[in-house]
Amino acid sequence: MSSAFVPVYDRDLVIVKGRGARLTDREGREYLDFAAGIGVNGLGYGDKKVLAAIKKQAGLLIHSSNLYHHEPGIALAERLVELAFPSKVFLTNSGTEAIEAAIKFARRVGKDAGRTELIAFEGSFHGRTLGALSLTWTEKYREPFQPLIPGVHFVKVGDVDGLRQVLGPKTAAVFIEPVQGEGGVRPIPAEFLRQIATLTREAGALFVADEIQCGLGRTGKLFAYQHAGVTPDILTLAKPLGGGLPLGAILLREDLAPALHPGDHASTFGGNPVAAAAALAVLERLTADGFLEAVEKRSASLLKALRKLAKRHPNAIAEVRGLGLMIGVEMRGSAGPVVKGLRDRGILAIKAGEKVLRLLPPLTIGSADIKRLLSELEVVLKEGAVAAA
Ligand code: PLP
């Protein structure tokens, strides 16, 4: 399509426009988007309130540096704390930077006690920069860049004894996505999340919930940790926060914040005023009466229909799982042909790992669009079955 880029992405479509749950490419072809910018476009494309907030703030101030405060940044930090737990906020430009900040903050908090080690879980994905990559499980992402940061241990999800073995006086923090995204759309059992929270605290380490993909309404609750009734010491957010503008956040438990001092961390663009203004509009929409209940209803109907579909196609679908509108359909073979088949039929979806079809529609997806996905998916599965016969 263009040879001007470093070849790290495998892509061919040129998108020119987005409205609601639909994208239009350069050839004028329209796609129903069940990937929502990999979970970024939680409110779909062109949300009026987000757009108005961006336009208004862009007319006032686009950037002033983090040498100074700005009003949308202050309001956003205060709102996040109000919605989550007593904490202090640092704003970033992306998810991976929120993870880097979490690593640094956890190590800073544990510095005097010599806590430098980190724990993550098999199947995890925390980002692509070297620190976040060190906490990411997938070998093909890690291997070309070894050595990564030392002192990282991986534990199998559900393995309480395994966690006990590596948790200790050197552990700074334990990182987990309450619903693993890239690793195959795997909700972590609530009981295991509670055990992690308890054991981590008993060991004097910090419990980090990476909600970059599963947070902010995606699972039907504002924060996915709420399903398990736990509260993390550190929360990382990004993807949908800025309404499509680059923005991430890290919330650090209030009483831990005095361990951080001016100069310990910084970012030129982090928490940009326009992105912060957009985020305030996003949070207003997500917390409006009935918004999250509607996500749960959509989720229930989509999951139910997908499970029925799985029963009709037991040779193609191994499992349907998910929480809210973060749904994985594990195929028996590669999910690649299903993603391609859907795209040929005007629907965009993505894979999670090799075998899982990952559905992350806008949280505002309509029932007619859900029906369309289901009927096109059925056609694609039938075509697949014919091709295999
Ligand atoms: N953490 C999780 C759970 C993610 O899903 C992602 C991205 O997919 C990241 C971190 C990294 O975020 P970003 O791509 O914004 O750097």
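Residues numbered from 1 in each chain as written. Predicted model: local features only at pLDDT ≥ 70, side-chain atom pairs only at ≥ 80, totals over all residues. Heavy atoms only, no water.

A.B. asks: It is not clear to me how the pairing of strand β3 (residues 30-33) should be interpreted in this structure. Could you clarify?
C.D. replies: Every regular strand shows the same layout, with side chains that alternate between the two sheet faces. Here 3 bridges tie strand β2 (residues 22-25) to β3, and the two strands are oriented antiparallel to one another. Its bridge partner lying in β3, T24 is registered against E30. Connecting β2 to the next strand, β3, in antiparallel fashion are 4 residues, including G28 with a positive phi near 90°. (Pairing = 2+ DSSP bridges. Helix = DSSP H or I, 4+ residues; strand = E, 2+ residues; numbered from the N terminus.)

A.B. asks: I'm lost on the sheet that holds strand β10 (residues 206-210) in this one. Help?
C.D. replies: Consider a sheet: its strands pair through backbone hydrogen bonds, and that pairing is either parallel or antiparallel. Taken in spatial order, the 7 strands make up an open sheet running β4-β12-β11-β10-β7-β5-β6, and their pairing is mixed. The open sheet terminates on both sides in strands that have one partner only, identified here as β4 (87-92) and β6 (152-155). On average, each strand axis in the sheet is inclined to that of its neighbour by 20°, with strand direction left out of account. Pairing analysis gives 4 bridges linking strand β7 (residues 171-176) to β10, with the strands arranged parallel. From the neighbouring strand, F175 faces β10, where its bridge partner is V208. Each of β5 (117-121), β7, β10 and β12 (248-253) touches helix α8 (residues 190-202); the most contacted strand, β10, lies at about 145° to it. (Axes fitted to C-alpha atoms, helices over the stretch in contact; angles between N-to-C directions. Contact = heavy atoms within 4.5 Å.)

A.B. asks: Would you take a moment to explain the site of the ligand for this structure?
C.D. replies: Neighbouring residues of the ligand: S94, G95, T96, F125, H126, G127, E177, D210, I212, Q213 and K239. Separating an oxygen atom of the ligand from a backbone N or O atom of G95 is a distance of 2.8 Å. Within the backbone of F125, an N or O atom sits 3.5 Å from a nitrogen atom of the ligand. Starting from 390 Å² of accessible surface for the ligand in isolation, the protein chains cover 82%. The residue inventory of the shell around the ligand, partitioned by class, reads 2 nonpolar, 6 polar and 3 charged. (Near = heavy atom within 4 Å. Polar contact = N/O pair within 3.5 Å; in protein donor to acceptor, adjacent residues only side chain to side chain. Areas by Shrake-Rupley, 256 points an atom, 1.4 Å probe, with all protein chains shown as cover. Nonpolar A, V, L, I, M, F, W, Y, C, P; charged D, E, K, R; others polar.)

A.B. asks: What's the story with helix α11 (residues 336-344) in this structure? I'm lost.
C.D. replies: Think of an α-helix as turning once every 3.6 residues; residues three or four places apart then point the same way. If you check which residues of α11 are buried, you get V338, V339, G341 and L342. Projection of α11 onto a plane perpendicular to its axis shows the buried side chains occupying an angular sector of 165°, all on one side. Facing away from the buried side of α11 by more than 90 degrees, the exposed set consists of P337 and K340. (Buried < 20%, exposed > 50% of the residue type's maximum accessible area, 1.4 Å probe, protein only. Arc of directions from axis to C-beta.)

A.B. asks: Please clarify how unusual backbone geometry should be interpreted in this entry.
C.D. replies: The amide bond that connects Q146 to the next residue, P147, takes the cis arrangement and shows omega of 0°. Considering the arrangement of structural elements, one finds P147 in the loop between α6 (139-142) and β6. Positive phi is not limited to glycine here, since L216 has a value of about 60°. By the secondary structure assignment, L216 is in the loop between β10 and β11 (234-237). For L216, a relative accessible area of 2% corresponds to the buried category.

A.B. asks: What is the right way to look at the environment of A77 in this model?
C.D. replies: Within the fold, A77 resides in helix α3 (residues 71-83). Once the C-alpha coordinates of A77 and S87 are considered, the two residues, 10 residues apart in sequence, prove to be 9.5 Å apart.

A.B. asks: For this particular structure, what's the right way to read the packing of aromatic side chains?
C.D. replies: A ring pair, where both rings are aromatic, is described by two values, the distance of the centres and the angle of the planes. Scanning the model with the defined rule gives 6 aromatic pairs in all. Judged by centre distance (5.9 Å) and plane angle (85°), the ring pair of F90 and F105 falls under edge-to-face. Within this pair, whereas F90 is found in strand β4, its partner F105 is found in helix α4 (residues 95-109), the two being separated by 15 residues in sequence. Both residues of the pair, F90 and F105, belong to the buried class. Note on F223 and Y225: the rings are 5.5 Å apart at their centroids and 0° apart in plane angle, and the pair reads as stacked. We classify F223 as buried; its relative accessible area is 0%. Every member of this aromatic cluster is reached through a ring pair, and the members are F85, F223 and Y225. Over the aromatic face of Y141 sits the side chain of R128, whose NZ or CZ is 4.0 Å from the ring centroid. (Phe/Tyr/Trp six-rings, centres within 6.5 Å; stacked < 30°, edge-to-face > 60°. Lys NZ or Arg CZ within 6 Å of the ring centre and 35° of its normal.)

A.B. asks: So what exactly am I meant to see when it comes to the layout of surface pockets here?
C.D. replies: To find leftover empty space, a probe the size of one water molecule is rolled over the atoms. Taken as a whole, the second largest pocket encloses approximately 880 Å³ of empty space. Lining the second largest pocket are 29 residues, and of these N66, H69, V89, F90 and L91 sit closest to its centre. Secondary structure elements with two or more residues in the lining of the second largest pocket: α3 and β4. Along the lines of polarity and charge, the residues of the lining of the second largest pocket split into 14 nonpolar, 11 polar and 4 charged. (1 Å grid on protein atoms, 1.4 Å probe; cavity = no way out; pocket = protein on both sides within 12 Å on 5 of 7 lines; lining within 4 Å. Points joined across faces, edges and corners; volume = space filled by probe spheres on them.)

A.B. asks: I'm lost on a positive patch on the surface in this one. Help?
C.D. replies: A contiguous patch of positive charge on the surface is contributed by K17, R19, K48 and K55. Broken down by secondary-structure element, the contributors of at least two residues to the positive patch are β1 (15-19) and α2 (48-60). With respect to the helices and strands, the residue K55 is situated in helix α2. (Patch = residues over 30% accessible without salt bridge, like charges linked within 9 Å, V, L, I, M, F, W, Y side chains within 5 Å. Salt bridge = Lys/Arg side-chain N within 4 Å of Asp/Glu carboxyl O. Lys, Arg positive; Asp, Glu negative; His and termini not counted. Charge placed at Lys NZ, Arg CZ, Asp CG, Glu CD.)

A.B. asks: Explain α4 to me, please; I cannot follow it from the model alone.
C.D. replies: Over its 15 residues, α4 extends 21 Å from the first C-alpha to the last, a length consistent with the 21 Å expected when each residue adds 1.5 Å. When we look at burial in α4, the residues that qualify are G95, T96, A98, I99, A101, A102, I103, F105 and A106. (Expected span 1.5 Å × (residues − 1).)

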